[in-house]
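Close look at the chain arrangement
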Amino acid sequence: MSAASSAPMRDPDAAIRPWVENRPSEGFFPGLNVGELWAFRELAYVLAIRDIKIRYKQALFGFGWAVLQPLIAVAIFSFVFGHVTHVPTQGIPYPVFVYSGLAVWFFFSAGVNAAAQSLVGNAALVTKTYFPRILAPLASILPASIDLAISLAIVTVFMVGYSVEPTAALALLPVWIVGLFVLTLGFGVWVSALNVRYRDVRYVLGFLVQTLLYASPVVFPSVLIEGAWRYAYALNPVVGVIDGFRWSLVGGSSPHASDIVSFAVMLVVLVSGLVYFRRVERRFADVI
Amino acid sequence: MRATIETVGLGKRYRLGEHVRGDLREALLRRGRGAAVARDLWALRDVNVRVGDGEAVGLIGRNGAGKSTLLRIIARITEPTTGVSRTRGRVAALLEVGTGFHAELTGRENIFLNGAILGMSRNDVRRRFTDIVAFAGVERFLDTPLKRYSSGMYLRLAFAVAAHVEPEIVIVDEVLAVGDAEFQQRCLTRISEMGREQRTVIFVSHDLGSVARVCPRVVWLDDGGVRADGPAEQIIASYLGSSLEPGPSTEFAADADKRSQIVACSLVGPDGDLLEAPRRDRPFALRLRFLVREHTPGLDLAVILFNRRGIRVVDDAWSDSRPTSACGEMGEYEALVEIPPVLPAGQYTVAAWIGRGHETIDYREIFPFELFPGLTDGAASVRRNRVVQPPITWAVGVPGHHSGARALESADG
């Protein structure tokens, strides 16, 4: 007996389902259908799990690599900027200082790079199935949470090792993590859509992300930038998140008024990204 | 009947020659110089189709008639340029078997992944998991990565997941073009069952016999518009009769996107000369010219003949009689396929296929032709409804004395 024949008959008296329409989209911003996104949440979850599994199945050392990679980076930065250059860190041991910044950085860079490939790399899904396209960059960012969790665990070990005590600011950590996610999503939405249209985006992206690392307060504190320049510096939206995250986790200088600029830029990137994405997504399946 | 799918004035325009994908560099340089002139191609024009709740509709038409575009718009994969398409209920689009399958993941992981892509929740998949595994027959390989599956196992698993989705609307495009005959039969049976479960089915296939079996109603798309819409038998018959250029010789434009392609086909006698009026009691042949643009080991060729009712009376691959292919190298080739005199007189359609294993590289319905009766065939014999007519020997005589066909003649004389 084939299993299929036991499929339940559809109930013909079921409530009449509403029409779902597909028509040419109009207007500047077609809007976001949040209800539909929620209905497709399992797909986002399944795609994220898939990416995590593939990543650890393919890697030579699997999970070990995810731990080793940041440790090597910390060792190098600690030697160059902590030991040789003596970057001032307001009394925080340099490895703890740099790791708290790198934790943010690793999430951001992994998330943006994954998002860039999220549509192009899933071309079969985009051309053969329907789902809210925004789900692709969204889901692609989620696996970076594993890196963040690993980073947080290692920072904790470092803090214990260097006897750095957390302050009450730790309670605000979730706020910065949400900020980090919004920041990554904003950039991710932009690059995922741009990459569909322009093939060379990912090469440019690799260079830009690398450059942004040194333009952000990862290896040095942003207090080194003085006066009005600090506001200009905060135009880099990564600044606010790193400053806040580090302050909550390991202490040091508290957030500066200029961080508002960072968060404003972050929201502009996200909103403009969503508008751009929604405007061009109608052509993804034809172009990809 | 309440409609479940409805399209009103549906049109889809593609821009040819426009830069759809380029680089940033090009985009920046192009600024101010004006975009290249684009040529419009309307893949669909003013398509109005209404499909009732629980109806099974076949979609037929030549390559490029707009079938896939229509399916993609109904499934909301792409937007129309004009008009609107409406659907009521969940839509599962089986435009390809195993969409989203990943070679590194195990069979089990891929079932959940593919299920989610087809719109099933994790609970749905869990509930039907044993059924899916049994349908695919891969119990022993559930925890083996997909890359170690044979292509047959891969297909069975892929279709098994698709066969167990429970949406209101099922859209099936050519998924049956792959797999062995037994597998195709099972898929077809399952699709018919979906129809009986009151799901709305839209089915596209080059195999007109399958379309007729699954769908009571057929819509014939031609050049982006609906050419005919009605009872399956009637529409298929008129499609076979008139949709193609008349034979017996056709050439096709080169399509550089195809790794291999059929470039010409003609109906010839066994000697290779063009044949205007083939007769059912004489062998005839198809001369097929094809182009291999990319080295393809294992390249295979098949010739298909449909009769008037859309039944595949001949479906013969080169590899059926010859284990290894000798034309995988780049170049142009010619095949002469001789068909023995076993078909009854009537109208046939020739189709040809190039591919490798389950993969189709080029498939074309080429031309219809009339197979004329033999010189001695009586009218009653020609009118008889049959699928094959091999030379059959009759021996009739008094009991015990029918030693051969001659017996009857000598008894008469």
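Refer to the structure above for everything that follows.
The model shown is predicted, which means the values in this text are computed figures rather than measured ones.

Glancing now at the packing of helix α11 (residues 238-250) of chain A against helix α12 (residues 259-280) of chain A. Residue and element names in this part refer to chain A. Between α11 and α12, the least distance of the axes is 7 Å, while the angle of their chain directions is 125°. Compared by their axis directions, α11 and α12 come out oblique. Pair α11 / α12 crosses with left-handed handedness. Residues Val 239, Gly 240, Val 241 and Asp 243 of α11 touch α12, and the partners they reach there are Asp 259, Ser 262, Phe 263 and Met 266. Across the contact of α11 with α12, the residue classes break down as four nonpolar, two polar and two charged.

This next bit is on the pattern of salt bridges. The tally for this structure, following the rule as stated, stands at 34 salt bridges over all chains. With its nearest N and O atoms 2.8 Å apart, the salt bridge here joins Asp286(A) to Lys12(B). Highlighted residues: Asp286(A) in helix α13 (residues 284-287) and Lys12(B) in strand β1 (residues 3-16), drawn from two different chains. Exposure remark for Asp286(A): the relative accessible area of 25% places this residue in the partly exposed category. Across the salt bridge formed by Arg356(B) and Glu359(B), the nearest N and O atoms sit 3.8 Å from each other. Assessed through its relative accessible area of 32%, Arg356(B) is described here as partly exposed.

The final tally for this structure, using the stated rule, is zero disulfides over all chains. Just so you know, Cys187(B) is unpaired, no disulfide at all, and the nearest cysteine sulfur is the one on Cys215(B), 15 Å from it.

Our next topic: helix α2 (residues 67-74) of chain B. Residues and elements named next belong to chain B. Burial within α2 is extensive, with seven of its eight residues counted as buried. The set of residues buried in α2 consists of Lys 67, Thr 69, Leu 70, Leu 71, Arg 72, Ile 73 and Ile 74. Of the residues one or two after α2, Arg 76 is the one with positive phi, at around 65°.

Residue and element names in this part refer to chain B. Strand order in the open sheet formed by four strands is β14-β13-β16-β17, with antiparallel pairing between adjacent strands. Every other strand in the sheet has two partners, leaving β14 (312-317) and β17 (359-371) as the edge strands with one partner each. If you compare each strand with its neighbour and ignore which way they point, the axes differ by 15° on average. In terms of strand pairing, strand β13 (residues 300-307) meets strand β16 (residues 346-356) through eight bridges, oriented antiparallel. Bridge pairing in β16 places Ala 302 opposite Trp 353.

Reading guide: rules and limits
Residues numbered from 1 in each chain as written. Chains lettered and ligands numbered in written order. Predicted model: local features only at pLDDT ≥ 70, side-chain atom pairs only at ≥ 80, totals over all residues. Heavy atoms only, no water. Axes fitted to C-alpha atoms, helices over the stretch in contact; angles between N-to-C directions. Helix = DSSP H or I, 4+ residues; strand = E, 2+ residues; numbered from the N terminus. Parallel < 35°, antiparallel > 145°, perpendicular 65-115°, else oblique. Left-handed = near helix turned anticlockwise from the far one by under 90°. Contact = heavy atoms within 4.5 Å. Nonpolar A, V, L, I, M, F, W, Y, C, P; charged D, E, K, R; others polar. Salt bridge = Lys/Arg side-chain N within 4 Å of Asp/Glu carboxyl O. Buried < 20%, exposed > 50% of the residue type's maximum accessible area, 1.4 Å probe, protein only. Disulfide = S-S within 2.5 Å. Pairing = 2+ DSSP bridges.

By themselves, these observations are geometric and do not establish any function.
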